[in-house]
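Survey of secondary and tertiary structure
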Amino acid sequence: MDEAGIDRGVVMTIVDAPAVNPQALELIAEACAEYPGRLDAFARIHPWYGQESLRLLERAFGLGFKGLKLHPVSTLAHPAGEETLRLIRAAAKHGAPTLFHCGDEPLATPLAVGRAAAACPDATIILGHMGGYFHVDEAIEVAEAHDNVVLESSAMPYPVKIAEAVERIGASRVLYASDGPACSPRIEVEKVRLAGLAPEAEALVFAANALRILDGVR
Amino acid sequence: MDELGVDKAVVCPAKPRAYHLGAANEAIAEIVADSGGRLSGVARVDPLLGDDACAELERAVETLGLRALFLHPWEETFRIADRRVDPIVEVAQRLGVPVIVAAGYPFVSEALQVGALARRFPDVTFVATNGLQLNISGLGQVDSELALADSENLLLQTSGVYREDFIEGVVRRFGARRVLYASSYPLLDPRLEIRRVQWAAFSEPEVEAILGGNARAVFSLDGD
């Protein structure tokens, strides 16, 4: 983060609680506590554990988490499945966003995640990777169709598509993210800069939008 | 190229609107001829055209002076491991030119499919685009490394590989000789793509090899 000039970041596990690591939430909470003011936490939760999934999400908010992360390729839970929608709505009651992995795989395409956005209009739905390599145009179209959808820039390789997204849906619904440590934050920052946004728009994408979303969590 | 300090580039036909790859190969040859030695060209053929494809590759290399064969299984709609690809690779082998494969496309040019072809032709150099895999979850990386482990004659390009740790891992495990910088321009942005190499954890000799030395060797650019 220091190398890339990043003051604050959002972190999460790569596993879906309670699977694999029953102490996943505590692991993240402890990591954030070690770097006060610099890290915020999202809870990555498997939707298929019924009441246990909901209990974990509430526990996460009790620990100060700021959002829900879902990875349908990992969990095989469809974005618009009832188990998933229940978690999204529970997060939205806290004013918290749901970040989806949104790429080229089945269960994670923009049109699939868009169904969740349509079913949960009060929830902020973030399309991580904004559609990956092949589905970026569809991600922008889904964001045009649903005001509660936000596009997140990590990993997808097209700076020009960041500029196009800002043009079509407005700078207030496009977010920088690194996907680190998988991606280099330095390169991901450079990608946004290469989009050539106006200074006001770039400031929103790099920070102000994320702060607005994070500060809205209660 | 000037903005990024790129001296030479290898160019290939995009999918022509007229679907006539022969004319596209001729256009590439003309661009190369007008480039003052800064561009080298690659011939694109559709291997499903059989003997016509083989004749076109011979013409492109021997008459037009192009330096490699480019296969795009996604846009020409064939599996790279299909045995019907073998005759065109046999021509490439006889002509002594490398084969570039548009790699990472689902169903047609997945890493192990490209690897299967490379194993059938151990004396041909294969260069796979996109790090042998196009998956935003990184799900293709293990297969890519398995394919590289199987075939010394299989190299990969860095274009569009969002995981810098993957590229670094390939260099550590297989050596810098196996990795070539590529921009995939105009699909991708060279200003970003070159950073994937420049900002990775490589030694100076490794960067030199990846940004130029390997391409000079594979595409025989030193005589230009």
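Our structure's up above, just so we're on the same page.
Right, let's walk through the structure included here. None of these values were measured; they are calculated from a predicted model.

1. Some remarks on the overall build of chain B
The helix and strand inventory of chain B stands at 10 helices and 8 strands. The C-alpha radius of gyration of chain B comes to 16 Å, within 12% of the 17 Å expected for a compact globule of 224 residues. The principal-axis extent of the C-alpha atoms belonging to chain B is close to 45 × 40 × 30 Å. Taking all 224 residues of chain B together, 57% fall into the buried category. The long-range fraction of contacts in chain B, counting pairs at least 24 apart against all pairs at least 6 apart in sequence, stands at 73%. When the accessible area of chain B is evaluated, it comes to approximately 10,000 Å², of which 50% is carbon and sulfur surface. The centroid of the 22 positive side-chain charges in chain B is displaced by 3 Å from the centroid of its 33 negative side-chain charges.

2. What about the overall build of chain A?
The secondary structure content of chain A amounts to 9 helices and 7 strands. Radius of gyration (C-alpha) of chain A: 16 Å, near the 17 Å computed for a compact globule of 218 residues. For chain A, the residues scored as buried account for 59% of the 218 residues in total. Considering only intrachain contacts with a sequence separation of at least 6, the fraction spanning at least 24 residues in chain A is 72%. When the accessible surface of chain A is totalled, it reaches about 9,100 Å², and 55% of it is carbon and sulfur. Here chain A holds 19 positive side-chain charges and 29 negative ones, and the gap between their average locations is 4 Å.

3. Here we look at the environment of Leu-204 of chain A
Among the structural elements, Leu-204 of chain A can be located in helix H9 (residues 199-215). Here the alpha-carbon distance between Leu-204 of chain A and Val-174 of chain A, two residues 30 residues apart in the chain, equals 7.9 Å.

4. Some thoughts on helix H7 (residues 159-169) of chain A
Within H7 of chain A the residues assigned to the buried category are Pro-159, Lys-161, Ile-162, Ala-165, Val-166 and Ile-169 of chain A. Taken around the axis of H7 of chain A, the buried residues stretch over an arc of 160 degrees, which confines them to a single face. The exposed residues of H7 of chain A that point more than 90 degrees off its buried face are Val-160 and Glu-167 of chain A. Where H7 of chain A is buried, its residues touch helix H6 (136-145), strand E6 (149-152), strand E7 (174-175), helix H8 (185-194) and H9 of chain A together with helix H8 (190-193) of chain B. Within two residues after H7 of chain A, Gly-170 of chain A carries a phi angle of roughly 95 degrees, on the positive side.

5. Concerning the packing of aromatic side chains
Geometrically, a pair of aromatic rings is defined through the distance of the ring centres and the angle of the planes. A full pass over the atoms with the stated rule returns 5 aromatic pairs over all chains. Geometrically, the ring pair formed by Tyr-133 of chain A and Phe-134 of chain A is tilted, given 6.5 Å between the ring centres and 55 degrees between the ring planes. An aromatic cluster is present here, built from Tyr-133 and Phe-134 of chain A together with Trp-74 and Tyr-105 of chain B joined pairwise through their rings.

6. Considerations on the pattern of salt bridges
All names here are of chain A. Counted according to the given criterion, the structure contains 31 salt bridges over all chains. We note a salt bridge from Lys-66 to Asp-40, for which the minimum N-O separation is 3.7 Å. With Lys-66 in the loop between helix H2 (51-62) and strand E3 (67-70) and Asp-40 in strand E2 (residues 39-44), the pair connects residues that are 26 residues apart, well separated along the chain. In this structure, Lys-66 and Asp-40 share a single accessibility class: buried.

7. Thoughts on the nonpolar core
Counting residues in hydrophobic clusters, the biggest one holds 82 residues, and the most contacted among them are Ile-88, Ile-125, Leu-127 and Leu-151 of chain A. By residue number, the principal contributor to this core is helix H4 (residues 82-93) of chain A, which donates 6 residues. Core analysis: the second largest hydrophobic core is formed by 54 residues, Ala-29, Ala-92, Phe-126 and Leu-154 of chain B among them.

8. Here's the deal with the interface of chain A and chain B
Chain A puts 25 residues into the contact, and the matching count from chain B is 21 residues. Here chain A and chain B share an interface that buries about 1,900 Å² over both sides, 68% of which is from carbon and sulfur atoms. Between the two partners, chain A and chain B, sit 6 residue pairs in polar contact (both at pLDDT 80 or more). Counting residues per element, the side of chain A that touches chain B draws most heavily on H8 of chain A, at 5 residues. For the side of chain A that touches chain B, the per-class residue count stands at 13 nonpolar, 6 polar and 6 charged.

9. Concerning the packing of H8 of chain A against H9 of chain A
All names here are of chain A. Here H8 crosses H9 at 155 degrees, and the two axes come no closer than 10 Å. On the basis of their axis angle, the class for H8 and H9 is roughly antiparallel. Considering how the two elements wind past one another, H8 and H9 form a crossing that is right-handed. Residue-level inspection shows Val-189, Val-192 and Arg-193 of H8 in contact with H9, the latter providing Glu-202, Val-205 and Phe-206.

10. Focus: the packing of helix H6 (residues 141-150) of chain B against helix H7 (residues 164-174) of chain B
Relative placement of two packed helices is described by the angle separating their axes and the distance separating the axes. All names here are of chain B. As a packed pair, H6 and H7 sit with axes 11 Å apart at the nearest point and diverge in direction by 25 degrees. Looking at the two axes, H6 sits roughly parallel to H7. Considering how the two elements wind past one another, H6 and H7 form a crossing that is right-handed. For the pair formed by H6 and H7, the contact residues are Gln-141, Ser-144, Glu-145, Leu-148 and Ala-149 on the first element and Phe-166, Val-170, Arg-173 and Phe-174 on the second. Of the residues assigned to the contact of H6 with H7, the class counts are 5 nonpolar, 2 polar and 2 charged.

The rules behind the values
- Residues numbered from 1 in each chain as written.
- Chains lettered and ligands numbered in written order.
- Predicted model: local features only at pLDDT ≥ 70, side-chain atom pairs only at ≥ 80, totals over all residues.
- Heavy atoms only, no water.
- Helix = DSSP H or I, 4+ residues; strand = E, 2+ residues; numbered from the N terminus.
- Rg over C-alpha atoms; globule rule 2.2 N^0.38 Å.
- Buried < 20%, exposed > 50% of the residue type's maximum accessible area, 1.4 Å probe, protein only.
- Contact = heavy atoms within 4.5 Å.
- Areas by Shrake-Rupley, 256 points an atom, 1.4 Å probe, with all protein chains shown as cover.
- Lys, Arg positive; Asp, Glu negative; His and termini not counted.
- Charge placed at Lys NZ, Arg CZ, Asp CG, Glu CD.
- Arc of directions from axis to C-beta.
- Phe/Tyr/Trp six-rings, centres within 6.5 Å; stacked < 30°, edge-to-face > 60°.
- Salt bridge = Lys/Arg side-chain N within 4 Å of Asp/Glu carboxyl O.
- Core = buried A, V, L, I, M, F, W, Y, C linked by side-chain atoms within 4.5 Å.
- Buried area = accessible area lost by both parts, 1.4 Å probe.
- Polar contact = N/O pair within 3.5 Å; in protein donor to acceptor, adjacent residues only side chain to side chain.
- Nonpolar A, V, L, I, M, F, W, Y, C, P; charged D, E, K, R; others polar.
- Axes fitted to C-alpha atoms, helices over the stretch in contact; angles between N-to-C directions.
- Parallel < 35°, antiparallel > 145°, perpendicular 65-115°, else oblique.
- Left-handed = near helix turned anticlockwise from the far one by under 90°.

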